[in-house]
Amino acid sequence: MKNFWKNYRGTLLILLGLVLGGIAGAVWGTKVDVVKPLGDLFLNLMYMILIPLVFFSISSSIAGMQEVKRLGKILGITVAVFLGTALVSAVLGYLCVLIFKPIQGIDMSNVKQLMGNVKGASGTKTSALAQIVATFTVDDFSKILSKSNMLSLIVVAILVGIATAASGQAAEPFAKLLNAGNVVTMRIVKYIMYYAPIGLGCFFATVIGNLGAEMVGGYLRTLLIYVGYSLFYFFVVMSGYAYLSAGHSGFKAFWRNISVPAITAIATSSSAASIPVNLEYTKKIGVTADIADTVIPLGANTHKDGSVVGGILKTTFLFVLFGRDIATFQNAVIIIAVGFLVGVVMSAIPGGGFVAETVIITIFGFPMTALPLILIISEIIDIPATLLNSTSNITSSMLITRFVEGKNWLSKAMRSR
């Protein structure tokens with residue numbers, strides 16, 4: 001129980017705040033607006049730290065990536081497999097949302113009144129190329145210090161990180177500064193999150209009080225859809241990957257060894273905490289030590305199939321909430337691309353979850369006041385998302401071994417024991 005409380009204390013307190021806030025909103029309706037300033041306080045605290053958080057986390061992460069160059073062939077195949085499985089997860093996640101529709105029947109006029117109208121909903125149309133340029137760049141450095149230009153800030157942070165890494169020894173003091181800045185900002189975020197149960201609880205009370213109890217049904221349906229998808233992906237898709245890696249033998253080896261890593265992921269709700277167990281059981285399956293030792297730690301930071309679907313859920317949740325059509329071909333491609341970006345690129349960044357949610361809002365022009373709506377989704381899907389994020393690295397290791405060692409890799413591993 002002590003370990004359970006340690007692992008889940010933050011999540012449980014936030015969920016408690018959401019439950020109490022939801023009850024208060026359902027019982028007292030718009031009267032709960034009296035606590036709205038307490039919810040706004042949490043939002044403002046997060047907005048205040050957002051710019052340094054994004055800059056230091058991305059630039060310091062990239063500045064410290066010199067060792068990646070030594071991974072050679074294994075790294076190349078690892079990247080290809082990670083990208084391929086993440087894309088599969090994104091497409092399947094979008095189809096799941098399209099079929100089961102997480103939210104429906106909510107008064108959109110009330111949503112827009114509470115959250116603010118969507119930026120860019122009306123006005124002069126611009127070309128796709130001009131929109132891309134405007135999304136990723138600004139015409140003045142000072143503009144990247146605004147949360148409205150988050151992708152531009154990310155571009156600058158990436159360039160700073162690359163330049164620092166490429167400058168070698170001469171830039172070591174600056175690299176240490178970036179790392180120290182990241183440590184400090186992450187510590188500040190940790191302090192702010194102590195207030196999250198109260199802040200998010202008050203915000204959720206306001207949402208339920210103004211939009212009605214149907215919003216609770218939307219979150220519950222979102223959770224059920226995500227759990228259903230997770231079970232499908234875990235038992236069907238990952239079994240398919242294991243079979244592709246080594247046929248029936250790969251399928252059997254995977255299911256003989258996956259129970260402990262899966263239980264560990266659920267119990268700890270942490271991909272990082274699952275690394276030791278994943279390493280042990282990936283090697284028991286027959287994956288060579290050099291591949292396991294490279295792929296499992298790397299995957300814990302850069303390969304999160306569960307987060308990909310989480311990004312799609314959050315994006316489509318806001319699309320439907322603000323009355324946008326998720327079924328058009330153009331929107332489908334963009335939603336899948338953003339889910340892919342969230343799960344592959346943002347997951348490699350310390351504090352990337354919060355950054356990803358901000359990017360979702362920035363790309364599509366939703367009001368920043370909608371940020372807590374998808375922060376809530378992050379909390380309620382955390383456990384099944386961790387299960388997919390963590391255990392998918394094991395099947396990825398098997399696929400990578402298949403490409404590196406050949407199709408008979410598992411039988412060779414069995415004979416060498």
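Keep in mind the model is a prediction, meaning the values are calculated, not measured.

Criteria and thresholds
Residues numbered from 1 in each chain as written. Predicted model: local features only at pLDDT ≥ 70, side-chain atom pairs only at ≥ 80, totals over all residues. Heavy atoms only, no water. Helix = DSSP H or I, 4+ residues; strand = E, 2+ residues; numbered from the N terminus. Buried < 20%, exposed > 50% of the residue type's maximum accessible area, 1.4 Å probe, protein only. Contact = heavy atoms within 4.5 Å. Areas by Shrake-Rupley, 256 points an atom, 1.4 Å probe, with all protein chains shown as cover. Polar contact = N/O pair within 3.5 Å; in protein donor to acceptor, adjacent residues only side chain to side chain. Phe/Tyr/Trp six-rings, centres within 6.5 Å; stacked < 30°, edge-to-face > 60°. Lys NZ or Arg CZ within 6 Å of the ring centre and 35° of its normal. Axes fitted to C-alpha atoms, helices over the stretch in contact; angles between N-to-C directions. Parallel < 35°, antiparallel > 145°, perpendicular 65-115°, else oblique. Nonpolar A, V, L, I, M, F, W, Y, C, P; charged D, E, K, R; others polar. Left-handed = near helix turned anticlockwise from the far one by under 90°. Salt bridge = Lys/Arg side-chain N within 4 Å of Asp/Glu carboxyl O.

Undergrad: I would appreciate a short explanation of the overall build of the chain in the present structure.
TA: Assigned secondary structure in the chain consists of 18 helices and zero strands. Put simply, the chain has 417 residues, and 49% of those count as buried. Partitioning the contacts of the chain with sequence separation of at least 6, the portion at a separation of at least 24 is 81%. Carbon and sulfur atoms make up 67% of the accessible area of the chain, which totals about 19300 Å².

Undergrad: Looking at this structure, I do not really get the side chain of Ser60. What am I missing?
TA: Mapped onto the elements of the fold, Ser60 is located in helix α2 (residues 36-63). Here Phe56 takes part through its backbone oxygen, which lies 2.5 Å from a polar atom of the side chain of Ser60.

Undergrad: Can you walk me through the packing of aromatic side chains in this structure?
TA: For any pair of aromatic rings, the description rests on two quantities: the centre-to-centre distance and the angle between the ring planes. What the rule picks out here adds up to 13 aromatic pairs. Between Tyr191 and Tyr194 the ring centres are 6.5 Å apart and the planes differ by 35 degrees, which places this aromatic pair in the tilted class. Looking at Tyr194, the relative accessible area reads 57%, which means it is exposed. Geometrically, the ring pair formed by Tyr219 and Phe317 is stacked, given 5.1 Å between the ring centres and 25 degrees between the ring planes. Separated by 98 residues along the polypeptide, Tyr219 in helix α9 (residues 214-257) and Phe317 in helix α13 (residues 305-321) bring together distant segments of the chain. An aromatic cluster of at least three residues, connected via ring pairs, comprises Phe234, Phe235, Phe254 and Trp255. Directly above the ring of Tyr281 sits Lys284, whose terminal nitrogen or CZ lies 4.4 Å from the centroid.

Undergrad: Can you help me understand the packing of α13 against helix α17 (residues 382-405) in this one?
TA: When two helices pack together, their arrangement is given by the angle between their axes and by how far apart the axes lie. Viewed as axis vectors pointing N to C, α13 and α17 meet at an angle of 140 degrees, and their least axial separation amounts to 6 Å. One element, α13, and the other, α17, form an angle in the oblique class. Touching Asp305, Gly306 and Ser307 of α13 are Ala385, Leu388, Asn389 and Ser392, all from α17. Tallied by class, the residues present in the contact of α13 with α17 amount to two nonpolar, four polar and one charged.

Undergrad: Can you help me understand the packing of helix α11 (residues 275-285) against α17 in this one?
TA: Where α11 meets α17, the closest approach of the two axes is 10 Å, and the angle between their N-to-C directions is 30 degrees. For the element pair α11 / α17, the angle class is roughly parallel. Viewed along their axes, α11 and α17 form a crossing whose handedness is right-handed. Across the interface between the two elements, Asn278, Thr282 and Ile285 from α11 touch Ser390, Ile394, Ser397 and Met398 from α17. Taken together, the residues that form the contact of α11 with α17 break down as three nonpolar, four polar and no charged.

Undergrad: Is there a simple way to think about the pattern of salt bridges in this case?
TA: It is possible for side chains of opposite charge to pair when their charged atoms get near one another. Inspection of every chain in the model, using the stated rule, returns four salt bridges. Among the salt bridges present, the one from Glu280 reaches Lys284, with a minimum N-O distance of 3.4 Å. Of this pair, Glu280 and Lys284 both sit in helix α11, separated by four residues, roughly a single helical turn. In this structure Glu280 comes out as partly exposed when scored by relative accessible area, which is 40%. Since its relative accessible area comes to 38%, Lys284 is described here as partly exposed. Between Glu357 and Lys314 there is a salt bridge, with the nearest N and O atoms lying 2.9 Å from each other. Of this pair, Glu357 sits in helix α15 (residues 352-364) while Lys314 sits in helix α13, placing them 43 residues apart in sequence. Like Glu357, the residue Lys314 is buried in the burial classification.

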